[in-house]
Each structure stands twice: as C-alpha cells, then as structure tokens.
Amino acid sequence: MVFALLLLGCTPDVTHLYAAERTTALAVASEVPAGWKPDAALGIASPDLAKALRAVVRRAVSEGKPIQLPLALGITATLKPDLDLKKINIEATSDCAACFSIQLALEGQARWEAGPASGSVPISAAASAIIAVSVRDGAIIEARPRRVDSLRVEVPTLGNLRVNASGPLQDWLRGLIVDRLAPVRIATLDTSALPIRDLRLSTTNDQLVIELLTDVPGAVPLRALPAPAQGVEMVMSEAVITGLARRAAFQAGTLQMDVAVDPRKLSVDGAAFVLDLRLWRLVGRGWYRDYRVNGDVDVEVRANGAPRLRLNAKTADETAASPGALLVDPLAALFQAKILDAIVNAMDRSLPGQTQQRVAGVSLAAKMTAARGLDEALHVYGTLDVAASNP
C-alpha cells in the first residue's frame, strides 16, 4: 500500500496536458483562405434535380391564369391552356458556375371562348431556360429560373377567329417560367451540426456540388468530390469527423468517475472504422489510457422506418497509458459520452431534408441507403424524394 501511494505521488500531472488538448480541440477556424479546398461536400445528381423541376413546372402550368385576347369590335376571347410536361432535360452550362440549362417540351389543349363561340385546339411548346442555384441566408440552397433563352409555341387558328394566339401563348409561357416557377429548396444546411466557414456551388459533370469549408482547424481537404450518378452523396474528410468528435467530447467534459473521453483520430475503410481513443481521469494529478477501438459503419432502419447512419463500436485494445493509470471500460465511456452521435448528426443533418417551414414549391428529402470509407473520407449515399409543399 505504501509503495502504491509513493508510486501515485511520483506520477506526472496530466491535467495540464488535458487542458492543452482541450484548447486545441475547441479551437475554431474563422479565416477563409483564398483558393481554399473543401473538406466536406454534398453532391446531387442532375436527374433528381430534373424530377423536382418537373414537379414545379407542372404545378405552375396548372395554376396559370387564362389568357385574354382582344378582338375586333371590343370583343375579348379567353384562352385557357391545359399543358402537360412531356419531357425535361437538364445539363450543366457555362452561363455561370452554379447554373443548369433546362429544355422543356409541353403538349396539351387550349380551351377558348369568344362570346357565344367556343372550342379547343391542340397546342405544343418547347422552351430552353437557365436555372441558377444560389445560397440564401448562408444556409438555404435554392434553384430559381434566371431567364428564358428560346421559346416556340405551335397552335392552330381558334375556330373562325382571325387571331394568332402563338404570340400571347409565348408571353404566357415565358412569364410562367420566369415569374411563376417557385424556388426548389435543394438543401438547408444545419450549421449547428456541421459549422462552416464558407461554401461554393458548381454544376460540373451535370451534377450540383456544394463544396464546404468547415471551421475545423487544419482539416485535410477531400481527395475527391462527390459524383453521384443518381440521388445524393455526402462526403466528409476523416480530419473533419475527428475534429467534430473531439469538439463534442471536450464540450461534454467529464463523465462518471471524473473520466473524460478524447477521440483522437478516426479512420474509415469500407464498412470498418478505427478510432484512437484516450480516456482521461481528472482527479488529483490524473492519468490517461489510450485505446484502439474497432467497429463498423452501416445504415440502419429505425422503428419509424427512417434510415440513419450508425457507427457501432465493437472492440477496444489498450495501446498506451500514463504511470499509475487505472482500468476503465473504454466502450462504456465512449457510449456514455455519445461521441459517435456527433459524427452521425453531422452527416445526417447535412443531407437534404424536409423542413418544418412551409414554403411554396418543391423540396427534396434524402433517405440514406449506404455508407463507406474511401480515400480518407466517409461517404454517405442516398436517394431523393420530391415533395410538393403547400403555397
């Protein structure tokens, strides 16, 4: 017993080391370097954006007001188009860094009335327009029409009326595309789960890519940007994941038995992850023990049917310890600190999702389907559902 007390009295004071690590872990980067490279990114395939735009165009066409056509002798003809969107193509364009070119093909009928006379005629239309993606309020990513480049309308003569309805129909359709198309809310970034310094948008390779620079100091940039052929792909570098986990751990402070959790490095390879974990005991001169935690990454479906990313820690092997360190269950401490939840929340809340705010138009909601580690980053894949919201 005396020997043990003497040994404890000779142990170094590790509480100062913990204080230094805490300062490092809680540091926040604020400077935005010129020519910065992203350490996280969200990619959305253009076919999924086309589905959202299809819903917006169909809604706008169905809500379009009748066209008034002045005739001779003060008579006015009323023309009510009933068009269906038959085709929509979307592709990247050099018009701007975050622009898409869309081509629309519409067909249908136009019901007309002029005094006691009435009838209907077939109509078809083709349009080419520019859609610009922009950031609102620093976190809301939206797509809005920018301009109409070309517009062609084919409509036969309205019965015996001597009036060419092509011009008024072109004006009606141009106004509908430019003024009446509601914005498509692509994503709302949760900056509490994933704090960012800056972001930029691009539409390279017919995909929308939201490049993010987080506020994690010294985070390693991504080696490859997301490139989903369909749906969405969220990518976050291991350095960012580690930084967010450490920040959450030191903000949580000490747990039971005055033990603090410190996730020092996380690596993900395929479906497996390795976490270098340090447990600090902050009583007296204190001590620490280092562990290597092994686990797997997958997407689980919860009881409510919603998929969610899961990091499941399975084993822990001790790798080092300070003099006088006692035994503590590392997995129990890890789960108690809920450090893995910080990683899950950062990925989950970065995907497009429905918001409680009622917005006119269409929003996108992502559902996770898979996750894996690749190129020193965690990739999460998902599908997108198009959801119409009330005006």
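Points about the overall build of the protein chain
Piece 1. From N to C terminus, the protein chain includes seven helices and 16 strands.
Piece 2. By its C-alpha atoms, the protein chain is 115 × 45 × 30 Å across when sized along the principal axes.
Piece 3. Each of the 391 residues in the protein chain was classed as buried or not, and the buried ones make up 48%.
Piece 4. Considering only intrachain contacts with a sequence separation of at least 6, the fraction spanning at least 24 residues in the protein chain is 63%.

Description of the state of the cysteines
Piece 1. A complete count under the given rule lists one disulfide for this structure.
Piece 2. Through a disulfide, C96 is tied to C99; the S-S separation comes to 1.8 Å. Measuring the twist about the S-S bond at about 100°, one finds the C96-C99 disulfide to be right-handed.
Piece 3. According to the relative accessible area criterion, C99 is buried, its value standing at 0%.

Details of the confidence of the model for the protein chain
Piece 1. Chain-level statistics for the protein chain give a pLDDT mean of 88 and a share of 94% at 70 or above.
Piece 2. The secondary structure element of the protein chain with the lowest average pLDDT is helix α1 (residues 2-9), at 42, and the one with the highest is strand β10 (residues 232-237), at 96.
Piece 3. Below pLDDT 50 for its whole length, residues 1-9 participates in three contacts with residues either more than four positions away or in separate chains.

Side note on the pattern of salt bridges
Piece 1. Under the definition given, this model contains 28 salt bridges.
Piece 2. In this structure, R146 and D95 form a salt bridge, with 3.4 Å as the shortest nitrogen-oxygen distance. Of the two residues, R146 is situated in strand β6 (residues 140-154) and D95 in the loop between β3 (76-92) and β4 (99-114); the sequence distance between them amounts to 51 residues.
Piece 3. R146 gets classed as partly exposed once you look at its relative accessible area, which sits at 45%.
Piece 4. Residue D95 is classed as partly exposed on the basis of its relative accessible area, which comes to 28%.
Piece 5. Several salt bridges converge on common partners, so that one network encompasses E21, R246, D262 and R264.

Some thoughts on helix α6 (residues 330-337)
Residues lying three or four places apart along an α-helix face the same way, a consequence of the helix completing one turn every 3.6 residues.
Piece 1. Every buried residue belonging to α6 is among P330, L331, A333, L334 and A337, and all of these are buried. Down the axis, α6 shows its buried residues gathered within 160° of arc, on one side only.
Piece 2. At its buried positions, α6 is contacted by β11 (259-269), β12 (272-281), β13 (287-301), β14 (307-321) and α7 (339-348).
Piece 3. The N-cap of α6, judged by a side-chain oxygen 3.2 Å from the amide nitrogen of L331 a few residues on, is D329.
Piece 4. Looking one or two residues past α6, K338 carries a phi angle of roughly 60°, positive in sign.

Section: unusual backbone geometry
Piece 1. The backbone phi angle of D137 is positive, close to 60°, even though this residue is not glycine.
Piece 2. Backbone geometry at E376 places phi at a positive 60°, although glycine is not the residue there.
Piece 3. Its location among the elements puts E376 in the loop between β15 (361-374) and β16 (377-389).

What to know about the sheet that holds β14
Piece 1. Taken in spatial order, the four strands line up as β11-β12-β13-β14 in an open sheet, and their pairing is antiparallel. The sheet terminates laterally at β11 and β14, the two strands that pair on one side only. If you compare each strand with its neighbour and ignore which way they point, the axes differ by 25° on average.
Piece 2. Bridge analysis of β11 against β12 gives 10 bridges, and the strand direction is antiparallel. When the bridges of β12 are listed, L266 appears paired with L275.
Piece 3. Strands in contact with α6 are β11, β12, β13 and β14; relative to β14, the strand with the most contacts, it is inclined by about 140°.

The rules behind the values
- Residues numbered from 1 in each chain as written.
- Predicted model: local features only at pLDDT ≥ 70, side-chain atom pairs only at ≥ 80, totals over all residues.
- Heavy atoms only, no water.
- Helix = DSSP H or I, 4+ residues; strand = E, 2+ residues; numbered from the N terminus.
- Buried < 20%, exposed > 50% of the residue type's maximum accessible area, 1.4 Å probe, protein only.
- Contact = heavy atoms within 4.5 Å.
- Disulfide = S-S within 2.5 Å.
- pLDDT = per-residue confidence, 0-100.
- Salt bridge = Lys/Arg side-chain N within 4 Å of Asp/Glu carboxyl O.
- Arc of directions from axis to C-beta.
- Polar contact = N/O pair within 3.5 Å; in protein donor to acceptor, adjacent residues only side chain to side chain.
- Pairing = 2+ DSSP bridges.
- Axes fitted to C-alpha atoms, helices over the stretch in contact; angles between N-to-C directions.

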